[in-house]
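Single-letter residue listing:
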Number of protein chains: 2
Amino acid sequence: MKTVGVVGLGVMGGSFCGRMKELGWRVLGFDPNGRSLKTARDKGWIDEGYADFSQGLNQCEMVIFCIYPSLLPEWIGAWQNQFASGTLLLEISGVKRAVMEPVQKILRNDLELMSIHPMCGRESKGIDHADPKIFEQANFILIPHDKNTASSIVKVSSLAKDLGCRNISVLSAKEHDTMIAFLSQLTHVIAVSLMDTHENEHLVEYTGDSFRDLTRIASINEEMWSELFLLNKDLLLDEIHQFQDSLSAFENALQNEDEKTMKEMMTLSTARRKKFD
Amino acid sequence: MKTVGVVGLGVMGGSFCGRMKELGWRVLGFDPNGRSLKTARDKGWIDEGYADFSQGLNQCEMVIFCIYPSLLPEWIGAWQNQFASGTLLLEISGVKRAVMEPVQKILRNDLELMSIHPMCGRESKGIDHADPKIFEQANFILIPHDKNTASSIVKVSSLAKDLGCRNISVLSAKEHDTMIAFLSQLTHVIAVSLMDTHENEHLVEYTGDSFRDLTRIASINEEMWSELFLLNKDLLLDEIHQFQDSLSAFENALQNEDEKTMKEMMTLSTARRKKFD
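### Overview of the interface of chain B and chain A
By convention, interface size is frequently given as the accessible area that disappears when the constituent parts associate.
Okay, so step 1: Counting residues at the interface gives 80 residues for chain B, matched by 80 residues for chain A.
Okay, so step 2: Summed over both sides, the interface of chain B with chain A buries roughly 8300 Å², with 64% coming from carbon and sulfur.
Okay, so step 3: Sorting the residues of chain B by area buried against chain A places Tyr206(B), Arg273(B) and Phe276(B) first, and these three jointly supply 10% of that buried surface.
Okay, so step 4: Run the count over chain B and chain A and you get eight salt bridges.
Okay, so step 5: Glu257(A) is paired through a salt bridge with Lys233(B); the nearest N and O atoms lie 3.2 Å apart.
Okay, so step 6: If you look at where chain B meets chain A, you find 41 residue pairs in polar contact (both at pLDDT 80 or more).
Okay, so step 7: If you list the elements that add at least two residues to the side of chain B that touches chain A, you get β7 (139-143), β8 (167-170), α6 (173-195), α7 (209-215), α8 (222-231), α9 (233-255) and α10 (259-274) of chain B.
Okay, so step 8: For the side of chain B that touches chain A, the class distribution of residues is 35 nonpolar, 24 polar and 21 charged.

### Description of the packing of helix α1 (residues 11-22) of chain A against helix α5 (residues 150-163) of chain A
Residue and element names in this part refer to chain A.
Okay, so step 1: Two elements in contact, α1 and α5, have axes whose closest approach is 10 Å; the angle formed by their N-to-C orientations is 90 degrees. On the basis of their axis angle, the class for α1 and α5 is roughly perpendicular. Of the residues in α5, those in contact with Phe16, Arg19 and Met20 of α1 are Leu159, Asp162 and Leu163.

### As for the relation of the copies chain B and chain A
Put simply, the two copies of the chain differ by a rotation about an axis and a shift along that axis.
Okay, so step 1: Take chain B, turn it by 180 degrees, move it 0.0 Å along the axis, and it overlays chain A with an RMSD of 0.0 Å. One copy is carried onto the other by what is essentially a two-fold rotation axis.
Okay, so step 2: Of the interface residues in chain B, 100% have counterparts in chain A that sit at the interface too, so the contact is made through matching surfaces.

### Let's talk about the domain arrangement of chain A
Residues and elements named next belong to chain A.
Okay, so step 1: Looking at chain A, the domain boundaries give domain 1 (3-171) and domain 2 (175-274).
Okay, so step 2: Of note, the centres of domain 1 and domain 2, computed from C-alpha atoms alone, are 31 Å apart.
Okay, so step 3: Between domain 1 and domain 2, the residue contacts involve 15 residues of the former and 21 residues of the latter.
Okay, so step 4: For the pair domain 1 and domain 2, the summed buried surface comes to about 1600 Å²; carbon and sulfur atoms form 58% of the total.
Okay, so step 5: The three residues of domain 1 that bury the most area against domain 2 are Tyr68, Arg97 and Glu123, which together make up 41% of that side's buried surface.
Okay, so step 6: Run the count over domain 1 and domain 2 and you get two salt bridges.
Okay, so step 7: In this structure, arginine 97 and aspartate 234 form a salt bridge, with 2.9 Å as the shortest nitrogen-oxygen distance.
Okay, so step 8: Viewed at the interface, domain 2 and domain 1 are joined by seven residue pairs in polar contact (both at pLDDT 80 or more).

### Regarding the pairing of strand β4 (residues 62-65) of chain B
Residue and element names in this part refer to chain B.
Okay, so step 1: Because side chains alternate across β4, one face comprises the buried residues Met62 and Ile64, and the other comprises Val63 and Phe65, equally buried.
Okay, so step 2: Across four bridges, the pairing between strand β1 (residues 3-7) and β4 is parallel. Looking at β4, one finds that valine 4 is bridged to methionine 62.
Okay, so step 3: Alignment of β4 against strand β5 (residues 88-91), held across four bridges, turns out to be parallel. Each residue of the ladder has a partner; that of methionine 62, found in β5, is leucine 88.
Okay, so step 4: In this fold, β4 hands off to helix α3 (residues 72-79), which returns the chain to β5; that crossover is right-handed.

### Looking at the pattern of salt bridges
Okay, so step 1: Tallying each qualifying case throughout the model produces 30 salt bridges over all chains.
Okay, so step 2: When the shortest N-O distance is used, the salt bridge between Glu91(B) and Lys96(B) registers 3.1 Å. As far as the burial class goes, Glu91(B) and Lys96(B) line up, both buried.
Okay, so step 3: Taken together, the shared-partner salt bridges connect Arg97(A), Asp177(A) and Asp234(A) into one network.

### A short note on the side chain of Glu227(A)
Okay, so step 1: By the element assignment, Glu227(A) lies in helix α8 (residues 222-231).
Okay, so step 2: Despite being buried, Glu227(A) has no salt bridge partner; Lys263(B) is the closest side chain of opposite charge, sitting 7.5 Å away.
Okay, so step 3: In contact with Glu227(A), other than residues within four places in its own chain, are Tyr68(A), Pro69(A) and Ser70(A).

### Digging into the sheet that holds strand β3 (residues 48-50) of chain B
All names here are of chain B.
Okay, so step 1: The strand order β3-β2-β1-β4-β5-β6-β7-β8 describes an open sheet built from eight strands, whose pairing is mixed. Edge positions in the sheet fall to β3 and β8, since each has one partner strand and no second. Going from strand to strand, the sheet's axes swing by 25 degrees on average, the running direction of each strand aside.
Okay, so step 2: The pairing of strand β6 (residues 112-119) with β7 spans five bridges and is classified as antiparallel. When the sheet's bridge partners are listed, proline 118 is paired in β7 with phenylalanine 140.

### Comments concerning the pairing of strand β2 (residues 26-30) of chain B
All names here are of chain B.
Okay, so step 1: Extensive coverage of β2 is indicated by the burial of four of its five residues.
Okay, so step 2: Where β1 lies against β2, five bridges are found, and the strand directions are parallel. For threonine 3, the partnering residue across the bridge sits in β2 and is arginine 26.
Okay, so step 3: Relative to β3, β2 runs parallel, the two sharing three bridges. Paired with leucine 28 across the bridge in β3 is glutamate 48.
Okay, so step 4: In terms of handedness, the path from β2 via helix α2 (residues 34-42) over to β3 forms a crossover that is right-handed.

### Let's talk about the side chain of Asn221(B)
Residues and elements named next belong to chain B.
Okay, so step 1: Tracing the sequence through the fold places asparagine 221 in the loop between α7 and α8.
Okay, so step 2: Looking at asparagine 221, its side chain comes within polar contact range of the side chain of tyrosine 68, at 3.2 Å.
Okay, so step 3: Once residues lying within four places of it in the same chain are set aside, the contact partners of asparagine 221 are Tyr68, Glu123 and Lys125.

### So, the environment of Asp238(B)
Okay, so step 1: The topology assignment puts Asp238(B) in helix α9.
Okay, so step 2: By relative accessible area, Asp238(B) is classed as partly exposed at 39%.

### A look at the packing of aromatic side chains
Residues and elements named next belong to chain A.
Okay, so step 1: Under the defined criterion, the tally for this structure stands at 23 aromatic pairs over all chains.
Okay, so step 2: Measuring from ring centre to ring centre gives 4.7 Å for phenylalanine 16 and phenylalanine 135, while their planes differ by 55 degrees; the resulting arrangement is tilted. With phenylalanine 16 in helix α1 and phenylalanine 135 in the loop between β6 (112-119) and β7 (139-143), this residue pair connects regions lying 119 residues apart in the sequence. Each member of the pair, phenylalanine 16 as well as phenylalanine 135, carries the same accessibility label: buried.

Analysis parameters
Residues numbered from 1 in each chain as written. Chains lettered and ligands numbered in written order. Predicted model: local features only at pLDDT ≥ 70, side-chain atom pairs only at ≥ 80, totals over all residues. Heavy atoms only, no water. Contact = heavy atoms within 4.5 Å. Buried area = accessible area lost by both parts, 1.4 Å probe. Salt bridge = Lys/Arg side-chain N within 4 Å of Asp/Glu carboxyl O. Polar contact = N/O pair within 3.5 Å; in protein donor to acceptor, adjacent residues only side chain to side chain. Helix = DSSP H or I, 4+ residues; strand = E, 2+ residues; numbered from the N terminus. Nonpolar A, V, L, I, M, F, W, Y, C, P; charged D, E, K, R; others polar. Axes fitted to C-alpha atoms, helices over the stretch in contact; angles between N-to-C directions. Parallel < 35°, antiparallel > 145°, perpendicular 65-115°, else oblique. Least-squares fit on C-alpha atoms with pLDDT ≥ 70 in both. Domains from an automatic or database assignment. Buried < 20%, exposed > 50% of the residue type's maximum accessible area, 1.4 Å probe, protein only. Pairing = 2+ DSSP bridges. Right-handed = clockwise from strand over helix to strand, strands pointing away. Lys, Arg positive; Asp, Glu negative; His and termini not counted. Phe/Tyr/Trp six-rings, centres within 6.5 Å; stacked < 30°, edge-to-face > 60°.

Okay, structure coming up:
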């Protein structure tokens, strides 16, 4: 029986524990929070739980990091002496440029770090919102580094399929962060800004699907997302500016009662949106 | 058996026909488009269909207008001589200030026009997308005019319940248009602008739920919405400006790496969004 360690038992870490257990792995959970360890144990998602990182890590042939991106370099610096030689490390952080290089630079030569992004996060935080099923049909992105070996890439691709992911694709760190800036970070900035536009509680009874859809992700883990935004600041600001330009173009068309331009923008958005169905 | 007329057999008109038929009314459909009439007939949603407005209208005790708002005053001017005295007219247009007064002003004294807004539109247009079930659990807004009688208000409230609507509320035309400018029109402007921000077809395989949610309504009937936007221009521009301010506040916080402000904005959006669940 193979042993996997999961570091950080939040919504993603808890989900990984539960799913890896279903897949027949022996699962060790690592988290300083005793309540999270207890929940994982109670659900049968881990075989052993450790609040102390000086134990257990040397039993793992694979370790999945589900901690805040800013904590990863520090954690590796402090604890990588615990790993057995040849341990494969996976990190799932939502931005890659700011995470991969600092960690690869300090990593022991006999360890390998693979950066992945299973695109199946949840808005809610904490293990109580974890669910082994979140990987089903999710997109899975592999962001290879020069140091990664073909055999580890095969191993991780195979794991992604076993998790239940639908589509596995390969991107560079820059491509990943650019894509994330538009598809994920910009959408969260818009949802938050829309929800904050003005008081709106008195409108609750009138909302239809469209407002609910646009603001679902305005309910957001402010600690994690402010970190992700800052770690991807340059690309996210660029996307915000491009969106502001697009919005201003529509605003100007409306201001000038330029029906032709408004219709063209709507025809374009309709055509583009169809490709996403 | 009571007879209702439905003018304009698009997605809303077709849905009304089907639902009124289920409720036991005799339903007459009015539309210059022969194919729409045929579809309504084939589905068993209408008892009779008329491409010519000079027939049938005098048989109706209630007529529901499901045509573009800009067409309504003109239609009333041209055809109101067809109605039997005492006919109750309902109009469902998505903006009210620009529609109610012009029509009320020219309406025969022995007719009554009630403005309503069942909030259950569909993005797709045409009777092929109509569905008698769209009223189920929808919010229903009644926008009374000084000329409306209590007995008609009771009649329409009762109809809303029969249609299956969940919640019936009363708003003034200005309140309605302000609410619509924020909850519906602004969200559509944002979705269109986001979809138009830049080329994005190569990103299709990476999208998660958040981008899909924010852009679902970017697939839009450009004829109807450009008309609705122009008819509500002042209030919509005001909402766009308030949203732009909110977005700029977030942009500035990110630019200045002002984590505190970003977190405060996310905490506020999270708290506000919870009320909509």
